[in-house]
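# Coordinates in review
Residue-level listing of the chains:
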Amino acid sequence: MSRSIVELLQINIEKLLQYGVQTGLIEGWDVVQIRNSFLELFAINEPYGEEVQYEDVDDFHVILDNLIDYAAERGIISKNTVTQRDRFGSKIMGLLTPRQSEVVRRFLAIRETSAIEEATDFYYAFSKATNYIREERIKKDIVWVTETEYGNLKVSINLSKPEKDPKEIARLKSLKKTGYPKCMLCLENVGYTGRLDHPGRQNHRVIPITLEGEQWFLQYSPYSYYNEHCIVISEKHKPMNIDLQALLRMVDFVEQFPHYFLGANAGLPIVGGSILNHDHYQGGRATFPIEFAKVDLRLSCSKYPDIEISIPKWAMSCIRFRGSDKVELIELATHIMDKWKEYSEPGVNILAYTQKDGQVVPHNAVTPIVRKKGEFFEIDLVLRNNRTSEEYPDGIFHPHKDLHHIKKENIGVIEVMGLAILPGRLDLELQQIKEILTGEIPFLTEEIQKRDHLLNKHLIWIEELIAKYGSPLSREKADKIIQDEVGFKYLATILDASVFKKDQQGREAFMNFLHSCGFSNHQNQRDKISMV
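Residues numbered from 1 in each chain as written. Predicted model: local features only at pLDDT ≥ 70, side-chain atom pairs only at ≥ 80, totals over all residues. Heavy atoms only, no water.

## Overview of the environment of Tyr 260
- One can find Tyr 260 in the loop between helix H9 (244-256) and strand E6 (261-263).
- The spacing of Tyr 260 and Lys 139 is 121 residues in sequence and 22 Å in space, taken between C-alpha atoms.
- In this view, Tyr 260 contacts Thr 120, Tyr 220, Glu 228, Cys 230, Phe 253, Val 254, Gly 284 and Arg 285; residues no more than four positions away in its chain are not counted.
- At 2.7 Å, the side chain of Tyr 260 and the side chain of Tyr 220 are in polar contact. (Helix = DSSP H or I, 4+ residues; strand = E, 2+ residues; numbered from the N terminus. Contact = heavy atoms within 4.5 Å. Polar contact = N/O pair within 3.5 Å; in protein donor to acceptor, adjacent residues only side chain to side chain.)

And the structure:
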């Protein structure tokens, strides 16, 4: 017997309620209240008259999509766009999401009676159950590994973050600006309804934590780029600042959450992340290629004899500190960080400051990464500089123009650690390039030369690939070639971002910086230097 559209809606509401009970979002006594909230949301008078059971075989995301489809068909949402559907989906799930105080109580209760890992396990599962973490979209991301001289780099094409509808982009220009919430990271996002230029967050809850006596919050990224990708956010809407206090907070965090690492974007444009106006860090339960980089140069320090210091063999300019005494470790790392902020070496384009419109503009910054390994703490300081020039208007130490067909976005902490986050457009573009290499579609140079052609930006690269590998190729070989060559392009972007290059001049300049910090060569030990 066929059912009416309203009956199908009613059945999906009942299934979603059962999903909420099974996942622990709501309890049995909550069902009637929340059912009535759904009836109000969808403007229907009564629930389904028969018993409905949510089965494990039922796909929660299909149920949610069915509910959103109904809202679009009945005009409950004004436009059937990804943005509007996402906002309404968050509104639906918000009705199943416990209040902020209840989530905090549950987290703290687990933390007080069990291991901290169990508390974060609860919060991570909760964030997926509420659909705040968009698990079904994250599965679409394309991920692979490319073997390089710096280790096995991870490469991903980000398909989880949806593209905006062109009509919505046009509407944004006329949208009245509002200062609430001040940014995507502010506490005021918890439960926020959203708008065209700001996602709905009715299903968003955060965990309060104390770092160095200050109020901060823990949350997960809705589009996790790696396992348990968390964001640690200041209560105050204040700009990013990587200094002694930042290192103290980061070490405090990994002491409290030793199964997580914590990193931070540099606090300057070009070398920083997309959000510089709100102090925050990124961490998670994951490892990255930089962590396993071999030692290129061992260092020692007479003032801090118990701290292991080394230069990893990494594509970017990194100094690593490892020790059990966190006070000494932070003191030494801060010393190097402060020295770098003032350091200039014009011969390799490094200037700490320049003048613009009568103002002094700082250029040196660091990308710090902190880990706890047993009784030891480990701090990586990756040196950064955000200068631009006539030759490199996007940044001297930024992916150069010849790489923009693959990646032109900033190199943030995630890319610094060896995980490429590449734009979703590459999915279709790389598929077509593979078809050229296999001979499935002809390589029409004149056609691709047209500026509006999808592959126009890749033309030179395609010609290089054909010259290097020939054509036609088998599909398997074309797949492998494209993955490897994209991986090498990513490697080239982080090499561009390295302040000290891998040639002789770059190595000597790196040594000059280390000497400026008070280091000098050990006698008869060419592979070591020590602090005087």
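## Structural notes on the pattern of salt bridges
- According to the stated counting rule, one finds 34 salt bridges in the structure shown.
- Here Arg 137 ties to Glu 136 by a salt bridge, and the two come within 3.9 Å at their closest N and O atoms.
- On the basis of relative accessibility, which here comes to 24%, the residue Glu 136 falls in the partly exposed class.
- With a closest N to O distance of 2.4 Å, Lys 480 and Asp 484 form a salt bridge. One end of the pair, Lys 480, and the other, Asp 484, are both in helix H15 (residues 475-497), 4 residues apart, so they sit about a helical turn from each other.
- You can call Lys 480 partly exposed: its relative accessible area is 49%.
- Each of the salt bridges in this network shares a partner with another, and the network as a whole consists of Glu 291, Glu 308, Arg 320, Arg 322, Arg 371, Lys 373, Glu 378 and Asp 380. (Salt bridge = Lys/Arg side-chain N within 4 Å of Asp/Glu carboxyl O. Buried < 20%, exposed > 50% of the residue type's maximum accessible area, 1.4 Å probe, protein only.)

## Quick notes on the nonpolar core
- Counting 95 residues, the largest nonpolar core has Phe 42, Phe 253, Phe 321 and Phe 513 as its most contacted members.
- If we ignore the near neighbours within four places in the chain, the residues touching Phe 42 are Leu 9, Ile 13, Leu 67, Tyr 70, Ala 71, Ile 76, Phe 88 and Ile 92.
- Tyr 226, Cys 318, Ala 420 and Trp 461 belong to the second largest nonpolar core, which has 46 residues in total. (Core = buried A, V, L, I, M, F, W, Y, C linked by side-chain atoms within 4.5 Å.)

## Focus: helix H1 (residues 5-22)
- Spanning 18 residues, H1 covers 26 Å between terminal C-alpha atoms, matching the ideal 26 Å at 1.5 Å per step.
- All of the buried residues along H1 are Leu 9, Gln 10, Ile 11, Asn 12, Ile 13, Glu 14, Leu 16, Leu 17, Tyr 19 and Gly 20.
- Summarising the contacts, the buried residues of H1 are in contact with helix H2 (31-41), helix H3 (60-73), helix H4 (82-96) and helix H6 (116-129). (Expected span 1.5 Å × (residues − 1).)

## Some thoughts on unusual backbone geometry
- Residue Pro 181 is reached from Tyr 180 by a cis peptide bond, and omega for that bond is -20°.
- For Pro 181, the location among the structural elements is in the loop between helix H8 (166-172) and strand E3 (207-211).
- Residue Pro 472 is bonded to the preceding Ser 471 through a cis peptide linkage, with omega at 10°.
- Within the secondary structure, Pro 472 is located in the loop between helix H14 (459-469) and H15.

## Some words on the side chain of Ser 156
- Among the structural elements, Ser 156 can be located in strand E2 (residues 151-157).
- At 2.8 Å, the side chain of Ser 156 forms a polar contact with the backbone oxygen of Ala 420.
- Beyond its immediate chain neighbours, meaning those up to four positions away, Ser 156 contacts Ile 142, Val 143, Leu 419, Ala 420, Ile 421 and Leu 422.

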